[in-house]
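Now for the letters of each chain:
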Amino acid sequence: QVQLVESGGGFVQAGGSLRLSCAASGRTVSTYAMGWFRQTPRNEREFVIAISRGGATKVYANSVRGRFTISRDNAKNTVFLQMNSLKPEDTAVYYCAARSSSDSAENDAEKYDYWGQGTQVTVSS
């Protein structure tokens, strides 16, 4: 079983950047396909981005394509979400998630087994 802790959230102006981290403990992050999701102020959960266990495949939500990237540092046992050109509509609580049942990147939250506690991102206009 893996424990996930997100960090790096905060307040930023539109057009700015943030990098979120998802630190894993208990198991190595390289064991899992990983994803990022967000809970909006309207209480809607949205898929953001995901990476396959091997890192070869990345899946993006259309709303973040070209602005957000996902990466993993296995030595640090951490997955990163780099967010550039942020928009007010990116305001949300961001969660990382790990998927143990398959190696593939997935945009369905129901297919992830482990979740972090979330980190707030607020983008002002």
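Figured I'd write up the structure that's included with this text.

According to the stated counting rule, one finds 5 aromatic pairs in the structure shown. Between tyrosine 32 and tyrosine 114 the ring centres are 6.0 Å apart and the planes differ by 75°, which places this aromatic pair in the edge-to-face class. Here the residue tyrosine 32 occupies a position in the loop between strand E3 (18-25) and strand E4 (33-39), and tyrosine 114 occupies one in strand E10 (residues 114-115), the gap between them amounting to 82 residues. When the centroid spacing of 5.5 Å and the interplanar angle of 65° are considered together, the rings of phenylalanine 37 and phenylalanine 47 count as edge-to-face.

Further remarks concern the sheet that holds E3. On the basis of which strands lie adjacent, the open sheet formed by 4 strands has the order E1-E3-E8-E7 and antiparallel pairing. Two strands bound the open sheet, and with one partner strand each, they are strand E1 (3-7) and strand E7 (68-73). Going from strand to strand, the sheet's axes swing by 20° on average, the running direction of each strand aside. In this sheet, strand E8 (residues 78-83) lies alongside E3 in antiparallel orientation, the contact comprising 6 bridges. Across the sheet, leucine 20 pairs through a bridge with leucine 81, a residue of E8.

What follows covers unusual backbone geometry. Even without being a glycine, asparagine 43 presents a positive backbone phi close to 65°. Relative to the helices and strands, asparagine 43 resides in the loop between E4 and strand E5 (45-51). Although it is not a glycine, serine 85 sits at a positive phi angle of roughly 50°. Here serine 85 lies in the loop between E8 and strand E9 (92-99).

Criteria and cut-off values
- Residues numbered from 1 in each chain as written.
- Predicted model: local features only at pLDDT ≥ 70, side-chain atom pairs only at ≥ 80, totals over all residues.
- Heavy atoms only, no water.
- Phe/Tyr/Trp six-rings, centres within 6.5 Å; stacked < 30°, edge-to-face > 60°.
- Helix = DSSP H or I, 4+ residues; strand = E, 2+ residues; numbered from the N terminus.
- Pairing = 2+ DSSP bridges.
- Axes fitted to C-alpha atoms, helices over the stretch in contact; angles between N-to-C directions.

Without other data, these values stay purely geometric and don't point to any function.
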